[in-house]
Amino acid sequence: SLAMASSKSALIQSLDHARQKGALQDAGLHGRLGDLGYIDPKYDIAVSTACSALDYLVTDTTSGAEKCVKFLRDRKLGRATFAILEKFKHLETQMKKPIKTPGNVPRLFDLIQPTNEMYKSAFYFALRDTLVVDTLDDATRIAYNGNKCEWRVVTLKGQLIDKAGTMSGGGKRVRKGGMLLSGQKSRLGGGGSGMPIADVSMPKEETEKLEQSIIKSSQELKLTREEKKELKSCQAKLEKQVENKQNELEKKTLMVQSLEQQHVQIQERIKIYEPKCKLSVEDSKKLKILRQNAKEHEKLLEAAKQKAKKLENVCEDVQQQIMNAGGEPLRNQKAKVEEATKTCEQASKELSKAKLACKGLLKKVEKARNAFEEANEELKQLERKKVELEESFKIIEDGALEVIQALEKVKALEKDMSSKVSDMKKVYTQMRTEQNKFDKELIDVENEIDICCDDLAKAEERVSTWTKKELENKKLFHTFLPQGMENKKVSESNENESQDGSDSDSESGIKKKNTKEEAFTSLPDLTTEEAKDIDLSKLRDKIRALKEEVDKMKKNVNMGAIDEYLKRDSEYSLMVKDLEGATLKRDEARNACDSLRKKRLDEFMSGFSVITLKLKEMYQMITMGGDAELELVDSLDPFSEGIVFSVRPPKKSWKNIANLSGGEKTLSSLALVFALHHYNPTPLYVMDEIDAALDYKNVSIVANYIKERTKNAQFIIISLRNNMFELADRLVGIYKTENATKSITINPAKIMQKQNQLSKEHRDGDVLHDCTNTN
């Protein structure tokens with residue numbers, strides 16, 4: 001308000017004046033926190049709403065703050081809250097830590113530019129990790145993680161969600177201007193701080209003038225405050241009157257609207273029923289006949305009345321004669337009079353019957369006419385519906401034919417597709433079996449290729465060694481033989497080819513029978529005679545055959561199998577490493593889960609023991625001698641099976657809560673609620689007619705417990721029992737008048753005080769009256 005703002009500005013000015021004058025020169029006063037930093041105008045409303053400490057006064061030390069408080073107290077200038085910088089040093093490390101916010105939403109603290117780095121801790125103390133977003137939807141999405149509120153979030157419109165889950169701010173009246181905006185000068189003309197720093201001291205005369213002006217302004221301020229209070233009271237009264245008038249106007253407008261709607265409906269009904277009220281030709285004929293009959297009956301009635309008058313005249317004459325004469329003639333005349341009166345009564349009865357019959361016939365005619373018209377309208381509607389149904393039936397038949405044709409096509413396609421699918425399945429199974437066979441053969445071939453590659457490598461090594469040794473043997477052979485002997489050896493070899501053929505064939509057959517490993521072994525040491533018997537041409541042919549076999553094997557062997565093996569081996573090693581990492585993570589997660597489960601079990605069991613003990617105590621207190629107990633179905637795993645709530649009412653046996661009566665159930669459940677409240681109190685409870693099944697004694701026990709023992713919570717109880725709501729702090733009554741529900745609140749304590757005052761006044765008045773009577 002203006003008064004608050006003016007008082008705050010006067011307080012700050014007086015503190016600034018005292019600091020410049022010298023009384024608070026050593027206090028280390030820097031000024032108002034909101035004037036010690038700048039923020040973008042976009043976040044003005046957000047910071048003014050979220051930071052209630054912007055009006056705090058910043059000092060260096062507690063002693064300086066105490067000096068300022070003493071100064072304000074001595075001069076009765078008002079109250080102020082101080083933020084002491086030396087108390088915020090522990091927040092510097094926490095302030096500088098990087099923080100991860102959901103969706104990288106900025107902190108409001110990071111958007112403030114302090115005039116000096118020393119003020120950062122004060123701003124962090126005021127804001128902490130408050131986040132700022134654009135809309136309320138973003139705020140609720142960021143603040144809540146499930147049902148838990150984890151972040152303090154404020155919107156640009158001033159809507160604040162606190163960590164406790166409470167929501168405030170927003171609306172038409174929004175806080176703003178609590179802090180200096182970027183590009184704006186300090187409100188008091190200072191540069192780096194919220195208060196101006198003046199080196200020149202002011203003279204005493206000026207200070208005295210300023211003090212006198214302050215006193216005058218304070219007196220004027222009081223007067224203006226009183227005027228403002230009066231104006232506010234008048235404003236409140238006028239606002240109430242305006243609200244009442246507006247409510248009355250709304251009611252009248254609603255009444256007018258409803259009457260207009262009724263008028264329109266009545267006019268529509270008149271239009272509907274006017275043609276129905278017109279008579280048909282037959283009905284008009286019947287009506288004419290009935291009217292003629294009524295006229296005839298009226299004529300008969302008039303004739304009967306005339307006869308009755310004549311008879312009455314005769315009766316009068318007779319009575320006069322009787323009065324004159326008497327005797328038997330009188331009796332005869334009485335008899336005649338009685339007969340005449342009987343005939344008159346019969347005639348009047350017949351006439352009334354005829355009138356009633358006429359009215360009944362008229363009503364029947366009207367009913368018949370209405371029924372006939374309604375029947376005609378219903379017949380027309382039925383004919384229309386019949387035509388519409390026939391058209392829709394034709395459309396449905398056409399659509400059904402198309403659907404049937406399409407269904408037959410689909411069935412034919414389904415059969416074809418099913419046959420094709422079955423064929424494809426057969427082909428797929430065959431291909432699958434063949435593929436499996438090929439895979440098996442491929443694996444076998446790869447194994448054989450590996451074996452052949454190993455054998456080939458060994459054979460190549462042996463062939464190379466054998467060729468080397470053959471060359472060495474040839475050289476040695478030629479070196480040791482003389483030149484003549486060589487020619488002889490050749491001729492002898494040519495002559496003895498036929499003789500030695502059988503031997504060489506037998507030797508070659510024996511060698512062919514040997515394995516490859518034995519064929520390519522190292523050459524044995526031969527004697528000269530054995531060396532003479534060796535046929536070199538056969539050996540060369542064998543070498544050629546072996547080379548041809550090696551070339552054929554190279555064509556059939558997959559030379560890329562080794563590279564594939566190396567790739568698969570590297571992939572296998574990587575997968576093994578991944579598996580080891582996954583197993584480590586799994587073990588860590590499993591250990592964490594086990595620790596959390598253990599923690600949950602420990603906390604649950606500790607809370608369970610506390611609640612069971614308190615439940616016993618509460619139930620014994622409520623029932624005056626009963627007993628209640630909570631038992632785990634599975635003590636090893638309490639979260640799997642649940643809890644059994646067994647109760648022993650006073651002077652009865654143990655029973656499950658499901659087998660108790662209504663009152664016993666309410667008492668046991670209330671005992672459990674109070675035990676839970678003792679363990680983990682909640683601020684608000686709403687109870688709907690908990691005392692419906694309780695007697696007077698138990699209702700008073702429960703009400704007194706709620707009144708005395710649960711003062712740290714608020715109970716909203718819906719009740720119809722007077723001994724329950726008599727103990728309430730507030731009573732809210734709900735009633736209905738003028739088709740609208742209304743409520744009224746009552747403070748019983750105030751009513752009791754007024755009643756006691758009235759009773760005292762009444763007693764004092766009675767005493768005075770007795771005194772006057774005695775005098």
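Residues numbered from 1 in each chain as written. Predicted model: local features only at pLDDT ≥ 70, side-chain atom pairs only at ≥ 80, totals over all residues. Heavy atoms only, no water.

> Any chance you could explain the overall build of the chain here in plain terms?
Looking only at helices and strands, the chain has 20 helices and 19 strands in total. Burial status across the chain gives 22% buried among its 775 residues. Of all intrachain contacts in the chain linking residues separated by at least 6 positions in sequence, the fraction that spans at least 24 positions is 62%. (Helix = DSSP H or I, 4+ residues; strand = E, 2+ residues; numbered from the N terminus. Buried < 20%, exposed > 50% of the residue type's maximum accessible area, 1.4 Å probe, protein only. Contact = heavy atoms within 4.5 Å.)

> Can you help me understand helix α3 (residues 62–75) in this one?
Each α-helix winds once per 3.6 residues, and so residues spaced three or four apart point in a common direction. With 14 residues, α3 ought to run about 20 Å at 1.5 Å a step, and its terminal C-alpha atoms sit 20 Å apart, in line with that. Immediately downstream of α3, the backbone of Lys76 shows phi near 55 degrees, a positive value. (Expected span 1.5 Å × (residues − 1).)

> Explain the nonpolar core here, please?
Looking at soluble globular proteins, one finds that nonpolar side chains tend to be buried together. Counting 31 residues, the largest nonpolar core has Ile39, Leu108 and Phe123 as its most contacted members. The set of elements that each furnish at least two residues to this core consists of α2 (44–50), α4 (91–96) and α5 (120–127). The contact partners of Ile39, leaving out residues within four places of it in the chain, are Val47, Leu108, Leu111, Ile112, Met179, Leu180, Leu181 and Ser182. Counting residues in each nonpolar core, the second largest holds 30 residues, with Val647, Tyr685, Ile690 and Leu694 among its members. (Core = buried A, V, L, I, M, F, W, Y, C linked by side-chain atoms within 4.5 Å.)

> How do you make sense of the side chain of Thr101 when you look at a structure like this?
Structurally, Thr101 can be placed in the loop between α4 and β5 (113–114). If near-sequence neighbours (up to four positions away) are discounted, Thr101 is found in contact with Arg107, Leu131 and Trp151.

> Just to check I follow, could you spell out the packing of aromatic side chains for this structure?
Any aromatic ring pair is given by two values, namely how distant the centres are and how the planes are angled relative to each other. Under the defined criterion, the tally for this structure stands at six aromatic pairs. Between Phe604 and Phe608, the aromatic rings sit 5.8 Å apart at their centres with planes inclined by 25 degrees, giving stacked as the arrangement. Taken together, the positions of Phe604 and Phe608, both in helix α15 (residues 561–623) and four residues apart, correspond to about one turn of that helix. When its relative accessible area of 12% is taken as the criterion, Phe608 is described as buried. The structure contains a cluster of three or more aromatic residues connected by ring pairs, namely Phe604, Phe608 and Phe639. (Phe/Tyr/Trp six-rings, centres within 6.5 Å; stacked < 30°, edge-to-face > 60°.)

> Got a minute to help me understand a positive patch on the surface in this structure?
A cluster of basic residues, Lys305, Lys309, Lys355, Lys359, Lys363, Lys364 and Lys367, forms a positive patch at the surface. Within the residue set of the positive patch, elements represented by two or more residues are α8 (281–324) and α9 (328–480). Among the elements that line the positive patch, the one with the most residues is α9, at five residues. Mapped onto the fold, Lys359 is located in helix α9. (Patch = residues over 30% accessible without salt bridge, like charges linked within 9 Å, V, L, I, M, F, W, Y side chains within 5 Å. Areas by Shrake-Rupley, 256 points an atom, 1.4 Å probe, with all protein chains shown as cover. Salt bridge = Lys/Arg side-chain N within 4 Å of Asp/Glu carboxyl O. Lys, Arg positive; Asp, Glu negative; His and termini not counted. Charge placed at Lys NZ, Arg CZ, Asp CG, Glu CD.)

> Just to check I follow, could you spell out the sheet that holds strand β6 (residues 131–133) for this structure?
Either a parallel or an antiparallel arrangement is found when strands of a sheet pair, and the pairing is made through backbone hydrogen bonds. Spatially, four strands are ordered β6-β9-β10-β11 in an open sheet, and the strand pairing comes out mixed. Looking along the sheet, the strands with just one partner apiece sit at the ends: β6 and β11 (167–169). Each neighbouring strand pair of the sheet contributes to a mean axis angle of 25 degrees, computed without reference to strand direction. (Pairing = 2+ DSSP bridges. Axes fitted to C-alpha atoms, helices over the stretch in contact; angles between N-to-C directions.)

> Is there a simple way to explain the pattern of salt bridges in this structure?
Where charged atoms from two side chains of opposite charge approach closely, those side chains can pair. As enumerated under the stated definition, the model contains 13 salt bridges in all. One salt bridge in this structure joins Glu738 and Lys251, with 2.8 Å as the shortest N-O distance. Taken together, the residues Glu738 in the loop between β18 (731–737) and β19 (740–746) and Lys251 in helix α7 (residues 204–277) connect sequence positions 487 residues apart. Its relative accessible area of 61% is what places Glu738 among the exposed residues.

> In this structure, what is going on with the pairing of β19? I would like to understand it.
Consecutive residues of a regular strand have side chains that alternate between opposite faces of the sheet. Bridging between β18 and β19 involves seven bridges; their strand directions are antiparallel. Looking at β19, one finds that Tyr735 is bridged to Lys742. Between β18 and β19, which follow one another and run antiparallel, lie two residues, and Glu738 among them has a positive phi close to 55 degrees.

> Honestly, the sheet that holds strand β13 (residues 627–632) in this entry has me stumped. Any pointers?
On the basis of which strands lie adjacent, the open sheet formed by three strands has the order β13-β14-β15 and antiparallel pairing. The open sheet has two edge strands with one neighbour each: β13 and β15 (655–656). Taken together, the six bridges between β13 and strand β14 (residues 643–648) define a ladder with antiparallel strand orientation. The residue bridging Ala628 from the neighbouring strand is Val647, located in β14. Relative to the sheet, α15 contacts β13 and β14, its axis offset from that of β13 by approximately 160 degrees.

> Explain the packing of α15 against helix α17 (residues 662–679) here, please?
Two measures define how a pair of helices packs: the angle their axes make with one another and the distance between the axes. Interaxial distance between α15 and α17 falls to 8 Å at its minimum, and their mutual angle equals 130 degrees. Viewed along their axes, α15 and α17 adopt a mutual orientation that is oblique. Taken as a pair, α15 and α17 cross one another with a handedness that is right-handed. When α15 is examined against α17, the residues Glu603, Gly607, Val610, Ile611, Lys614, Leu615, Met618, Tyr619, Ile622 and Thr623 are found in contact with a partner set consisting of Leu667, Ser668, Ala671, Leu672, Phe674, Ala675, Leu676, His678 and Tyr679. (Parallel < 35°, antiparallel > 145°, perpendicular 65-115°, else oblique. Left-handed = near helix turned anticlockwise from the far one by under 90°.)

> Before we go on, may I ask you to explain the packing of α17 against helix α18 (residues 696–709) in this structure?
The N-to-C vectors of α17 and α18 enclose an angle of 10 degrees; their axes lie 12 Å apart at closest approach. Our classification of the angle between α17 and α18 gives roughly parallel. Residues Leu667, Leu670 and Phe674 of α17 pack against Asn698, Val702, Tyr705 and Ile706 of α18. Taken together, the residues of the contact of α17 with α18 sort by class into six nonpolar, one polar and no charged. (Nonpolar A, V, L, I, M, F, W, Y, C, P; charged D, E, K, R; others polar.)

> Got a minute to help me understand a negative patch on the surface in this structure?
Together, Glu446, Asp450, Asp454, Asp455, Asp563 and Glu564 make up a region of like negative charge exposed at the surface. When residues of the negative patch are traced back to their parent elements, those giving at least two are α9 and α15. Here the element with the most residues in the negative patch is α9; it accounts for four residues. By the element assignment, Asp454 lies in helix α9.

> Where do I start with unusual backbone geometry in this structure?
Glycine aside, the phi torsion of most residues is negative, and most peptide linkages are trans. Here the phi dihedral of Lys651 falls at roughly 65 degrees; this positive angle occurs in a residue that is not glycine. The residue Lys651 is located in the loop between β14 and β15 in this model. Its identity is not glycine, yet Glu738 carries a phi of approximately 55 degrees, on the positive side.

> Mind showing me how you'd approach α18 here?
With 14 residues, α18 should cover 20 Å at 1.5 Å per step; its first-to-last C-alpha distance of 20 Å lies within 8% of that length. Restricting attention to buried positions, one finds in α18 the residues Asn698, Val699, Ile701, Val702, Ala703, Tyr705 and Ile706.

> Explain the confidence of the model for the chain here, please?
Low pLDDT means the predicted coordinates in that region are not meant to be read closely. On average, residues of the chain score 78 in pLDDT, and 83% of them reach the 70 mark or higher. The low-confidence segment residues 476–522, where pLDDT is below 50, has 16 contacts with residues more than four positions distant or belonging to other chains. (pLDDT = per-residue confidence, 0-100.)

> Explain a nonpolar patch on the surface here, please?
The grouping of Tyr735, Ile744, Ile746 and Ile751 at the surface amounts to a nonpolar patch, some 330 Å² of accessible area in total. Turning to its location among the elements, Ile751 is positioned in helix α20 (residues 748–774).

> Is there a simple way to think about the environment of Phe71 in this case?
Locating Phe71 in the fold gives a position in helix α3. For Phe71, a relative accessible area of 8% gives the class buried. Along the primary structure Phe71 and Ser14 are separated by 57 residues, whereas in three dimensions their C-alpha atoms are 9.7 Å apart. Apart from the residues within four sequence positions on either side, Phe71 is in contact with Ser14, Leu15, Ala18, Leu24 and Leu77.

> Honestly, the side chain of Arg107 in this entry has me stumped. Any pointers?
Positionally, Arg107 belongs in the loop between α4 and β5. The buried category is assigned to Arg107, whose relative accessible area is 6%. Among the polar contacts listed, one links the side chain of Arg107 to the side chain of Asp129, at a separation of 2.8 Å. (Polar contact = N/O pair within 3.5 Å; in protein donor to acceptor, adjacent residues only side chain to side chain.)

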